[in-house]
Number of protein chains: 2
Amino acid sequence: MNIEPTLCRVEDALSILVGKWKPIILLYLLKNGTQRFSELKRSIPGVTQKVLTKQLRELEEEDIIERVVHPQVPPKVEYSITEYGMSLQPILEAMHEWGTKHTLHKQQKMNKESI
Amino acid sequence: MNIEPTLCRVEDALSILVGKWKPIILLYLLKNGTQRFSELKRSIPGVTQKVLTKQLRELEEEDIIERVVHPQVPPKVEYSITEYGMSLQPILEAMHEWGTKHTLHKQQKMNKESI
DNA sequence: CAGTATCCTCTTCGATACTG
DNA sequence: CAGTATCGAAGAGGATACTG
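Reference entry: report on the structure contained in this document. Because the structure is a prediction, the values reported are computed rather than measured.

### Observations concerning the interface of chain A and chain B
Listed per partner, the contact involves 43 residues of chain A and 43 residues of chain B. Of the roughly 4000 Å² buried where chain A meets chain B, counting both sides, 71% is carbon and sulfur surface. At the junction of chain A and chain B, the tally comes to 0 salt bridges. Counting every contact that joins chain A to chain B gives 7 residue pairs in polar contact (both at pLDDT 80 or more). Among the elements of the structure, α1 (10-17), α2 (22-32) and α6 (89-113) of chain A are those that each provide at least two residues to the side of chain A that touches chain B. Looking at the side of chain A that touches chain B, the element that brings in the most residues is α6(A), giving 15 residues. A per-class count over the side of chain A that touches chain B returns 22 nonpolar, 9 polar and 12 charged.

### Details of the protein's contact with DNA strand D
By nearness alone, 22 residues border DNA strand D, and A:R67, A:Y79, B:K20, B:K50 and B:Q55 come closest of all. At the protein interface, 66% of the atoms of DNA strand D within 4 Å belong to sugar or phosphate. Between A:Q49 and DNA strand D, the recorded distance is 3.1 Å, taken from a side-chain N or O atom to a base nitrogen. Within the contact set of DNA strand D, a phosphate oxygen lies 2.9 Å away from a side-chain nitrogen or oxygen of A:R57. Counting residues per element, the ones that place at least two in the surface near DNA strand D are α3 (37-43), α4 (49-61) and β3 (76-81) of chain A together with α4 (49-61) of chain B.

### As for the sheet that holds strand β3 (residues 76-81) of chain B
All names here are of chain B. Spatial ordering of the open sheet is given by β1-β3-β2, a layout of 3 strands whose pairing is antiparallel. Every other strand in the sheet has two partners, leaving β1 (35-36) and β2 (65-70) as the edge strands with one partner each. Note that β1 and β3 share 2 bridges and pair antiparallel. Directly across from Q35, in β3, lies its bridge partner Y79. Relative to β3, helix α2 (residues 22-32) is tilted by about 90°, and along the sheet it contacts β1, β2 and β3. Contacts from α4 reach β2 and β3 within the one sheet, and its direction differs from that of β2 by about 115°.

### Here we look at the environment of A:F37
Residues and elements named next belong to chain A. Its place among the elements puts F37 in helix α3. Along the sequence, F37 and L56 sit 19 residues apart, while their C-alpha atoms lie 9.4 Å from each other. Contact partners of F37, with chain neighbours within four places excluded, come to Q49, L52, T53, L56, V77 and Y79.

### A word on the sheet that holds strand β2 (residues 65-70) of chain A
Residue and element names in this part refer to chain A. Ordered by their spatial adjacency, 3 strands build an open sheet running β1-β3-β2, and the pairing between neighbours is antiparallel. Here the strands that pair on one side only, and so sit at the sheet edges, are β1 (35-36) and β2. Both β2 and β3 contribute to a ladder of 6 bridges, which runs antiparallel. Bridging across to β3, V69 finds its partner in V77. On top of the sheet, α2 reaches β1, β2 and β3; it is set at about 90° to β3, its chief contact.

### Description of the relation of the copies chain A and chain B
The operation relating the pair of chain copies consists of a rotation about an axis and a translation along that axis. When chain A is fitted to chain B, the residual RMSD is 0.0 Å, and the transformation amounts to a turn of 180° plus an axial shift of 0.0 Å. Expressed as an axis order, the relation between the two copies is that of a two-fold axis. When C-alpha positions in chain A are compared against the rotation axis, the closest is assigned to A:I91, at 3.1 Å. Both copies share a contact surface, since 100% of the interface residues of chain A are interface residues in chain B too.

### Description of the packing of α2(A) against α4(A)
All names here are of chain A. Relative to each other, α2 and α4 sit at 70°, their axes nearing to 10 Å. Considering their axes alone, α2 and α4 lie roughly perpendicular with respect to each other. Along this stretch, α2 crosses α4, giving a crossing that reads as right-handed. Two secondary-structure elements touch here, α2 through K22, I25 and L26 and α4 through L52, Q55, L56, E58 and L59. In terms of residue class, the contact of α2 with α4 is built from 5 nonpolar, 1 polar and 2 charged.

Definitions and cut-offs
Residues numbered from 1 in each chain as written. Chains lettered and ligands numbered in written order. Predicted model: local features only at pLDDT ≥ 70, side-chain atom pairs only at ≥ 80, totals over all residues. Heavy atoms only, no water. Contact = heavy atoms within 4.5 Å. Buried area = accessible area lost by both parts, 1.4 Å probe. Salt bridge = Lys/Arg side-chain N within 4 Å of Asp/Glu carboxyl O. Polar contact = N/O pair within 3.5 Å; in protein donor to acceptor, adjacent residues only side chain to side chain. Helix = DSSP H or I, 4+ residues; strand = E, 2+ residues; numbered from the N terminus. Nonpolar A, V, L, I, M, F, W, Y, C, P; charged D, E, K, R; others polar. Near = heavy atom within 4 Å. Pairing = 2+ DSSP bridges. Axes fitted to C-alpha atoms, helices over the stretch in contact; angles between N-to-C directions. Least-squares fit on C-alpha atoms with pLDDT ≥ 70 in both. Parallel < 35°, antiparallel > 145°, perpendicular 65-115°, else oblique. Left-handed = near helix turned anticlockwise from the far one by under 90°.

As structure tokens, this is what we get:
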């Protein structure tokens, strides 16, 4: 791994993943496949329509997800992971695995501090 | 990988890694070992003293790095990765590897758009 | 040397209301 | 249904000056 500023490419992946709901959006689409906007909204409690829209647009802009508009009334818009987006899965899995251990670490730390 | 909100632990790792200079700090310490504050500052062009201090404190708070103060004049403070912090390396490597491919993808996209 | 202290700007996110 | 538009709060990061 080369850390010279011009050769360190960690930021690219990080900037795509950063966003309060982006990991959840990606994990949800990875697991459940194509989803309508309203399905995502329902599946992600707490997110507002405005913010969900924005995060989806940003992921689309990066070619991580695809947005398909079905021209009908009422509107139907479907989102899915692109093949390129699927390449992020190892990173998400690495973070998920780490997070699981982190939970234990946090608990141990709290126990230690409460002695 | 479980994406149910209470079981999805992607956010834990992400929140630790997020910060304009944190990945660079970690990669630098991972590669070069223990470093003084001034060495880090010199190695990371663009960061201000205030922000570098803050990001180091946050990483320390998470037990990712260790801060050792040598009580002497002039002051000497050394930072190093903890064993726990080293566990983040696979994530950083996964992101770095992805970023390398991402560079190619971006170039291809730009070429495509400029046709 | 290794920080604090202020002041500032920019972005992110949320609440709420409106629309084709 | 799938968005926009507007307003507001909070935090990240930067410029600059000061200090034990």
